[in-house]
Amino acid sequence: MAKIENARVIVTSPGRNFVTLKIETTDGVYGIGDGTLNGRELAVAAYLRDHVVPMLIGRDPADIEDTWQLLYKGAYWRRGPVTMASIAAVDMALWDIKGKVLGAPVWDLLGGRSRAATLVYTHASARTIEETVEQVAQLQARGFKAVRAQCLVPGIDEMYGVPRQGGTEDSSLPFVETGWDTSRYMRFVPKLFEAVRTAVGEELHLLHDAHHRLSPIEAGRLGRDLEEFRLFWLEDAVPAELQAAFRVVRQHTTTPLAVGEVFNNIHDCEQLVREQLIDYLRMSAVHGGGITHLRKVAAFAEVYHVKLGCHGAADLSPVTMAAAAHLGLATNNVAIQEYAEHPEQSYEVFPHHWSVVDGYLHPGDAPGLGVDIDERAAERFGYVRSYLPVSRKTDGAISSW
Ligand code: EZ4
Ligand code: CO
């Protein structure tokens, strides 16, 4: 029996920070998993190094389910983004190893193909309606079938999803957006989608992310105002710690609803799914406890006609994109996958077999996850402290971000 001989945490920042776990076995096989938690990367690295890795040494790498249960139940302290991202890193690495040992891609181990490839959506975001429309049209011309559109609201200086003037999303201290004004936003977004829909026609799927900023009744109103533009989904309209809040949103609109990129456990979405309060669940393999847990979440959601549309922003590493590609191919109720291009240097660090062609994500046929880490390249990019931005309203009060 092969055993886990060694496991190492690799923190690298090729354009942005990524936390990767590399597990090596006594048979000379290794696997990698993503544990990146944006803005809190070193907490996962420490949790893995100090608490998880010692438990892995000597275990049979083939026992993925038992290892998952050991790390989840065995810690006593359940759930939470740091814990679940750490478990995810282990889980992905073990699936990668199993695939390599058996000579099969992970999608094959998960039951084989359930579709030809997974539909992806990518991002258009700009500072004016005209620029946003142009970007959406360009992405459509490049073959994308689904695009998320975000645009700066006139009267608000800086806001989510819109490129900052002379800056990137991350900085060494949290960037503070000021002047968030929900009424301006709610009046503006329907104008944005009227312009986009008119320019691109009926076929293209359009999505929008409200990034947790609305109250339930505001979300109901925005959803209703957007109905005529037939969005694929309205994302994160309301923070979902209170799952019952989506009852109010649901009562008021037929715009499809997506939520859950910050969820890490099936219990974060249990009521949302069981009461059919959402249409799409956004949990990802990295923040949702790995391939093992996300498959269970998907099976539970399938019973209630809820589909998966997993988080795939650029802070989810190319390793998570590989996991998403395998899950998407094998899982019937995956509807769409978010896809944001990573910084170019990160593809040097993470060579991979997955590809996005003509708006669809393909996992490739390589055994395991089909993604690797070039450790020498990784060494060139040291960790850079970074935070997510925070948002304040016009009166200075902190707002959900
Ligand atoms: O703010 O990935 O849908 N995507 C998003 C992202 C998230 C970041 C958080 O780390 O909302 O931009
Ligand atoms: Co989002």
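Below: a short report on this structure. Here the structure is a predicted model, which means the values were calculated and not measured. (Residues numbered from 1 in each chain as written. Chains lettered and ligands numbered in written order. Predicted model: local features only at pLDDT ≥ 70, side-chain atom pairs only at ≥ 80, totals over all residues. Heavy atoms only, no water.)

Section: the sheet that holds strand β16 (residues 398-399)
The strands making up a sheet associate through hydrogen bonds between their backbones, and the pairing can be parallel or antiparallel. What counts, and what does not: Strands are labelled as partners when DSSP assigns at least two bridges between them. For helices the rule is a DSSP run of H or I covering at least 4 residues; for strands it is a run of E covering at least 2, with both sets numbered from the N terminus onward.
Here we have 3 strands laid out as an open sheet, ordered β6-β15-β16, and mixed in their pairing. Single-partner strands in this sheet number two, and they are β6 (176-180) and β16. For β6 and strand β15 (residues 390-393), the ladder comprises 3 bridges, and the chain directions are parallel. Bridge assignment links Val 176 to a residue of β15, and that residue is Val 390.

What about the site of ligand 1?
Rule in force here: Any residue with at least one heavy atom within 4 Å of a molecule or strand is counted as near it. In protein, a polar contact requires one atom able to donate a hydrogen and another able to accept it; more generally it is a pair of N or O atoms within 3.5 Å, and residues adjacent in sequence count only if both atoms are side-chain atoms. Only the protein chains shown count as cover for residues, with accessible areas throughout obtained via the Shrake-Rupley method and a probe of 1.4 Å. Amino acid classes used here: Ala, Val, Leu, Ile, Met, Phe, Trp, Tyr, Cys and Pro are nonpolar; Asp, Glu, Lys and Arg are charged; the rest, including Gly, are polar.
Neighbouring ligand 1 are 14 residues, the closest being Asn 38, Tyr 160, His 211, Glu 261 and Asp 315. Measuring from an oxygen atom of ligand 1, one finds a side-chain N or O atom of Asp 209 at 3.0 Å. Asp 315 is positioned such that a nitrogen or oxygen atom in its side chain is 2.6 Å from an oxygen atom of ligand 1. If ligand 1 stood free it would expose 330 Å²; the protein chains cover 92% of that surface. Within the shell around ligand 1, the residues separate by chemical class into 4 nonpolar, 3 polar and 7 charged.

Considering the coordination of the cobalt ion (ligand 2)
Selection criterion: Think of the donor list as every N, O and S atom within 2.8 Å of the metal, or within 3.2 Å for Na, K and Ca; water never makes the list, so a site can look incomplete. A site with four donors is called tetrahedral when every donor-metal-donor angle falls between 85 and 135 degrees; four donors are called square planar, and six octahedral, when opposite donors sit more than 155 degrees apart and all other angles fall between 65 and 115; any other arrangement is irregular. Remark: exposure states derive from per-residue accessible area (1.4 Å probe, protein chains only) relative to the maximum for the residue type, with buried under 20%, exposed over 50%, and partly exposed in between.
Only Asp 209 (OD), Glu 235 (OE) and Glu 261 (OE) from the protein reach the cobalt ion (ligand 2) as donors, at distances of 1.9 to 2.2 Å. In this structure, the cobalt ion (ligand 2) is coordinated by 6 donor atoms arranged in irregular fashion, with angles at the metal of 24 to 178 degrees. Counting gaps between the donor residues of the cobalt ion (ligand 2) yields the pattern D-x25-E-x25-E. With Glu 235 in strand β8 (residues 233-235) and Glu 261 in the loop between β9 (257-259) and α9 (270-274), this pair connects stretches of sequence that are 26 residues apart. When sorted by exposure, Glu 235 lands in the same class as Glu 261, which is buried.

Things to note about the sheet that holds strand β2 (residues 18-25)
Our working rule: For helices, the fitted axis covers only the stretch in contact; all axes are lines through C-alpha atoms, and the angles between them, taken along N-to-C directions, range from 0 to 180 degrees.
A sheet is described by the order of its strands in space; here 3 strands give the open sequence β1-β2-β3, paired in antiparallel fashion. Looking at the sheet topology across the chains shown, the edges are occupied by β1 (4-12) and β3 (30-34). Across the sheet, the mean angle separating the axes of adjacent strands is 20 degrees when strand polarity is ignored. As judged from the 5 bridges shared by β2 and β3, these two strands associate in the antiparallel manner. Paired with Ile 23 across the two strands is Gly 31, which belongs to β3.

Overview of the packing of helix α3 (residues 81-102) against helix α10 (residues 290-303)
Operational definition: For this classification, under 35 degrees means roughly parallel, over 145 means roughly antiparallel, 65 to 115 means roughly perpendicular, and everything else is oblique. Contacts are assigned to residue pairs that have any heavy atoms within 4.5 Å of one another.
Relative to each other, α3 and α10 sit at 100 degrees, their axes nearing to 6 Å. Here α3 lies roughly perpendicular to α10, going by the angle between them. Every residue of α10 that contacts α3 at Met 84, Ala 88, Asp 91, Met 92 and Trp 95 is listed here: Gly 290, Ile 291, Thr 292 and His 293.

Comments concerning the side chain of Arg 282
Among the secondary structure elements, Arg 282 is positioned in the loop between β10 (280-281) and α10. Exposure remark for Arg 282: the relative accessible area of 0% places this residue in the buried category. Contact partners of Arg 282, with chain neighbours within four places excluded, come to Tyr 121, Trp 233, Glu 235, Ala 258, Val 259, Gly 260, Glu 261, Gly 309, Cys 310, His 311 and Glu 338.

Some words on the packing of α10 against helix α11 (residues 318-330)
As a reminder, the rule being used: Crossing chirality is assigned from the near helix's rotation relative to the far helix, an anticlockwise turn below a right angle marking it left-handed and a clockwise turn marking it right-handed.
For the pair α10 and α11, the least separation of the axes is 11 Å and the interaxial angle reads 35 degrees. In the crossing of α10 with α11, the sense of the turn from one axis to the other is right-handed. Here Ile 291, Leu 294 and Arg 295 of α10 come into contact with α11, specifically with Ala 323, Leu 327 and Ala 330. Class assignment of the residues belonging to the contact of α10 with α11 gives a composition of 5 nonpolar, no polar and 1 charged.

Some details on the packing of aromatic side chains
As a reminder, the rule being used: Centre distance within 6.5 Å is the pairing criterion for rings of Phe, Tyr and Trp, where only the six-membered ring of Trp is used; planes under 30 degrees apart are then read as stacked, over 60 as edge-to-face, and the remainder as tilted. Two limits define a charge over a ring: the Lys NZ or Arg CZ must be within 6 Å of the ring centre, and within 35 degrees of the ring normal.
According to the stated counting rule, one finds 12 aromatic pairs in the structure shown. Consider the rings of Tyr 121 and Trp 233, whose centres lie 5.3 Å apart with planes at 80 degrees: the pair is edge-to-face. With Tyr 121 in strand β4 (residues 118-126) and Trp 233 in strand β8, this residue pair connects regions lying 112 residues apart in the sequence. The buried category is assigned to Tyr 121, whose relative accessible area is 0%. Grouping aromatic residues by their ring pairs yields a cluster made of Tyr 121, Phe 232, Trp 233 and Tyr 280. Taking NZ or CZ as reference, Lys 296 lies 5.6 Å from the ring centre of Trp 68, over its face.

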